Each structure stands twice: as C-alpha cells, then as structure tokens.
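Structure at a glance
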Amino acid sequence: MSSMVENLVSRARSAAVLDELAVDVAIDKAVDAVLESGAVEALEEETVRHEMNQRLFGFGALQNLIDDSSIEEIWINSPGKVFVAVGGRSRQIDLNLTQFELESIVERMLRPTGRRLDRSSPFVDA
C-alpha cells in the first residue's frame, strides 16, 4: 500500500498548490479514482486519506513517533535504520522508509530551520 500512497501523494502535490482546500480536493479525486479502480477497498479509504495527509502536511511514517510523548529522540541512519530513545535507552524500530519518503521528510523538517543535509554536511540535528 505504501507505493500506492506515494503515487497518490505525487499526484496530489502536482495537482494542487499546498493550500489545504486545494489539497483536500486533490486527495478526494485521487482516492475516488483508486476506489473506482478497485485497488483499495472502501474500508481502507480513511487510512489512505490519513496517510496522505501525514505525508503532505506532517512527517509521514515518522509522524506517529514524533507525536508519541514517550519517545525522547529519533535517529535516522538510512531508510531501513531508524532508532528511537525511550526512557534513556535507544533501540532500533521496525520502520522501513523508502528513499523518496526519507528525502521528502528530511526536506520538510529542515526547510524552516535553515539547515541542510548534503555531501558537505552529512549529519544534521533538527
């Protein structure tokens, strides 16, 4: 389902300037098209809409971790190596991001901070 949601997010991004009403309309159109194709059942519709909103306005698959008050810190070493600190102890979690997803999340996190992540600055705290 993740690749399908990525495709829907790409459609919604290209179909609308990120103004909330336009994005809601674009999401509705994209989800309706997928429902009509039979790729998603109506029962999954809310899950798809929620995931699309998280990817467009939040931090995608990381948003639940960010919202969890017990998580003190999140480290991302690569798309398949995500660590969290809870109660002063770090552990790797079972979360596999795609390269596209990771780049998109990092870009959104860093944009308001003025920081960057590239070859000349390969580590960043945000």
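Our subject in this report is the structure included herewith. (Residues numbered from 1 in each chain as written. Predicted model: local features only at pLDDT ≥ 70, side-chain atom pairs only at ≥ 80, totals over all residues. Heavy atoms only, no water.)

1. Examining the overall build of the protein chain
If you tally the helices and strands in the protein chain, you get five helices and three strands. Secondary structure elements of the protein chain, listed N to C terminal, follow the sequence α-α-α-α-β-β-β-α. Long-range contacts, defined as pairs at least 24 residues apart, comprise 40% of the intrachain contacts of the protein chain with a sequence gap of at least 6. Summing over all exposed atoms, the protein chain offers an accessible surface of approximately 8300 Å²; the carbon and sulfur share of this is 50%. (Helix = DSSP H or I, 4+ residues; strand = E, 2+ residues; numbered from the N terminus. Contact = heavy atoms within 4.5 Å. Areas by Shrake-Rupley, 256 points an atom, 1.4 Å probe, with all protein chains shown as cover.)

2. Focus on the side chain of Glu-101
Following the sequence through the fold, Glu-101 ends up in helix α5 (residues 99–110). The class of Glu-101 is buried, set by a relative accessible area of 6%. Beyond its immediate chain neighbours, meaning those up to four positions away, Glu-101 contacts Glu-6, Arg-55, Ala-61 and Asn-96. (Buried < 20%, exposed > 50% of the residue type's maximum accessible area, 1.4 Å probe, protein only.)

3. A short note on the sheet that holds strand β1 (residues 71–78)
Paired through their backbone hydrogen bonds, the strands of a sheet run either parallel or antiparallel. The antiparallel open sheet is built from three strands, whose spatial order is β1-β2-β3. Sheet topology places β1 and β3 (89–93) at the edges, where each strand pairs with a single neighbour. Averaged over all pairs of adjacent strands, the angle between strand axes in this sheet comes to 25°, irrespective of strand direction. Relative to β3, strand β2 (residues 81–86) is paired through five bridges, and the arrangement is antiparallel. Across the sheet, residue Val-82 finds its bridge partner in β3, namely Ile-93. (Pairing = 2+ DSSP bridges. Axes fitted to C-alpha atoms, helices over the stretch in contact; angles between N-to-C directions.)

4. Describing the environment of Val-106
Along the chain, Val-106 turns up in helix α5. On the accessibility criterion, Val-106 (18% relative accessible area) is buried. With 11 residues separating them along the chain, Val-106 and Leu-117 place their C-alpha atoms 8.3 Å apart.

5. Some thoughts on the nonpolar core
In this structure, Leu-62, Leu-65, Ile-71, Val-82, Val-84, Ile-93, Leu-95, Leu-97, Leu-102, Ile-105, Val-106 and Leu-110 together form the largest nonpolar core, which totals 12 residues. For this core, the elements supplying multiple residues, two or more each, are β2 and α5. Here this core gets four residues from one element, more than from any other, and that element is α5. With residues near it in sequence (within four places) discarded, Ile-71 still touches Leu-65, Val-84, Ala-85 and Val-86. Val-23, Ile-27, Val-48 and Leu-56 belong to the second-largest nonpolar core, a separate cluster that totals 11 residues. (Core = buried A, V, L, I, M, F, W, Y, C linked by side-chain atoms within 4.5 Å.)

6. Side note on the pairing of β2
As judged from the six bridges shared by β1 and β2, these two strands associate in the antiparallel manner. In the strand pairing of β2, Ser-78 is matched with Lys-81. Hairpin geometry of β1 and β2 is characterised by an intervening segment of two residues between the two adjacent antiparallel strands.

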